[in-house]
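Chain by chain, the residues run as shown.
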Amino acid sequence: MKETEDEPETGGNPTAIKLLVVSLSLFLALFHLYTGVFGTLDAMLQRSIHLGVALLLIFLIYPANKKSNGALGASNYIFLVLTIGTMGYLYWNHEYLSQEYIAYVGPVTWIQATFGVSLIFVVLEGVRRALGLALAIVVAVFIVYYIVGPFLPTGGIGYPALGLSIFIDNHFLTTDGMFGLALGISATFLPLFIIFGRIM
């Protein structure tokens, strides 16, 4: 019982999990150093790798709640699988999405919609764990506004319905929403400043 009380916040994780965290962190650092020297990858590929590894680290490090004593619960494994699945889809289809796919024209497939909605929930949960509930609520409010906006008075804060296809295109299949400028900076320039700052 005493060993459990003396454990640090991530002490409940097995040694294999800790090694995985170190390995993923090292991979992410080397990935950014490599792309910083030899040039970044395609925007969607660069950002999806960056976000995917960051989400994996979040769900390996941060517990679902304070009562879990740092041990990985079932929810962590579920979010890890969802992260790998969504980012795997973007990785294997990045050439099609960047060269052939015409966004905002045709309807998205049910697979794209499923992965897109899953990624939104994964990112919201990652934000809640790493940055706090307040920011996650703010983001969730805007998502809810997108859903209920068409039912509000058009002359006020309402707007014409855009549909699920536009939402998924914007946030999952293009570099306009979730994979936009903010993530672009985080996936290219910012890590290099952090890495060299730590070295100095």
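Residues numbered from 1 in each chain as written. Predicted model: local features only at pLDDT ≥ 70, side-chain atom pairs only at ≥ 80, totals over all residues. Heavy atoms only, no water.

Visitor: So what exactly am I meant to see when it comes to a nonpolar patch on the surface here?
Guide: On the surface, V144, Y145, I147, V148, F151 and I157 cluster together into a nonpolar patch covering about 610 Å² of accessible area. In this fold, V144 is placed in helix α7 (residues 133-148). Given a relative accessible area of 45%, V144 falls into the partly exposed group. (Patch = residues over 30% accessible without salt bridge, like charges linked within 9 Å, V, L, I, M, F, W, Y side chains within 5 Å. Areas by Shrake-Rupley, 256 points an atom, 1.4 Å probe, with all protein chains shown as cover. Salt bridge = Lys/Arg side-chain N within 4 Å of Asp/Glu carboxyl O. Helix = DSSP H or I, 4+ residues; strand = E, 2+ residues; numbered from the N terminus. Buried < 20%, exposed > 50% of the residue type's maximum accessible area, 1.4 Å probe, protein only.)

Visitor: Please clarify how the nonpolar core should be interpreted in this entry.
Guide: Counting 42 residues, the largest nonpolar core has L55, L90, L119, L173 and F179 as its most contacted members. Excluding residues within four positions of it along the chain, L119 makes contact with L55, T86, M87, F172, M178 and F179. (Core = buried A, V, L, I, M, F, W, Y, C linked by side-chain atoms within 4.5 Å. Contact = heavy atoms within 4.5 Å.)

Visitor: How should the pattern of salt bridges be read in this particular structure?
Guide: Pairs can form between side chains of opposite charge whenever their charged atoms are close. Per the stated rule, a full pass over the model turns up 2 salt bridges. Between R129 and E125 there is a salt bridge, and its shortest N-O distance comes to 2.7 Å. One end of the pair, R129, and the other, E125, are both in helix α6 (residues 110-131), 4 residues apart, so they sit about a helical turn from each other. Note on accessibility: R129 and E125 belong to one class, buried. Among the charged side chains, a network of salt bridges with common partners joins E125, R128 and R129.

Visitor: What is the right way to read the environment of F196 from this model?
Guide: Mapped onto the fold, F196 is located in helix α10 (residues 189-199). Of the residues examined, F196 reaches a relative accessible area of 46% and is grouped as partly exposed. When the C-alpha positions of F196 and A43 are compared, they lie 23 Å apart, and in sequence the two are 153 residues distant.

Visitor: Honestly, the packing of α6 against α7 in this entry has me stumped. Any pointers?
Guide: Two numbers describe a pair of packed helices, the interaxial angle and the distance between the axes. At a minimum axis separation of 7 Å, α6 and α7 run at an interaxial angle of 155°. Relative to α7, the element α6 is oriented roughly antiparallel. In this structure, α6 contributes I120, L124, V127, R128 and L131 to the contact, and α7 contributes L133, L135, A136, V139, A140 and I143. Here the contact of α6 with α7 is composed, by residue class, of 10 nonpolar, no polar and 1 charged. (Axes fitted to C-alpha atoms, helices over the stretch in contact; angles between N-to-C directions. Parallel < 35°, antiparallel > 145°, perpendicular 65-115°, else oblique. Nonpolar A, V, L, I, M, F, W, Y, C, P; charged D, E, K, R; others polar.)

Visitor: For this particular structure, what's the right way to read the layout of surface pockets?
Guide: Where empty space is left in the structure can be found by rolling a water-sized probe over the atoms. In this structure, the largest pocket spans a volume of roughly 840 Å³. Contributing to the lining of the largest pocket are 33 residues, with L51, L55, V123, V127 and L183 lying nearest its centre. Looking at the lining of the largest pocket, its residues break down into 25 nonpolar, 8 polar and no charged. When its volume is computed, the second largest pocket comes out at roughly 210 Å³. Lining the second largest pocket, in full, are V117, I120, F121, L124, A140, I143, V144, Y146, I147, G163, L164 and F167. Of all the elements in the fold, those that place two or more residues in the lining of the second largest pocket are α6, α7 and α8 (164-173). When residues in the lining of the second largest pocket are grouped by element, the largest group, 5 residues, is from α7. Residues belonging to the lining of the second largest pocket are distributed by class as follows: 11 nonpolar, 1 polar and no charged. (1 Å grid on protein atoms, 1.4 Å probe; cavity = no way out; pocket = protein on both sides within 12 Å on 5 of 7 lines; lining within 4 Å. Points joined across faces, edges and corners; volume = space filled by probe spheres on them.)

Visitor: Looking at this structure, I do not really get the packing of aromatic side chains. What am I missing?
Guide: Given two aromatic rings, one states the distance between the centres and the angle between the planes to describe the pair. All chains considered together, the criterion is met by 10 aromatic pairs. Seen from their ring centres, Y146 and Y159 are 6.4 Å apart, and the 45° between their planes marks the pair as tilted. Of the two residues, Y146 sits in helix α7 while Y159 sits in the loop between α7 and α8, which places them 13 residues apart along the sequence. Given a relative accessible area of 17%, Y159 falls into the buried group. (Phe/Tyr/Trp six-rings, centres within 6.5 Å; stacked < 30°, edge-to-face > 60°.)

Visitor: Which parts of the structure should I look at to understand unusual backbone geometry?
Guide: In most cases, non-glycine residues show a negative phi, while peptide bonds are predominantly trans. One non-glycine residue, Y104, lies in the positive phi region at around 65°. Mapping Y104 onto the fold places it in the loop between α5 (94-99) and α6.

Visitor: Would you explain the packing of helix α2 (residues 15-38) against α10 in this entry?
Guide: Put simply, α2 and α10 touch, their axes get as near as 10 Å, and they point 110° apart. On the basis of the axis angle, α2 is roughly perpendicular to α10. For the element pair α2 and α10, the recorded crossing hand is left-handed. Along its contact with α2, which presents A29, H32, L33 and G36, the element α10 presents P191, L192, I195 and F196. Of the residues assigned to the contact of α2 with α10, the class counts are 6 nonpolar, 2 polar and no charged. (Left-handed = near helix turned anticlockwise from the far one by under 90°.)

So far we have only geometry, and geometry alone does not tell us how the molecule works.
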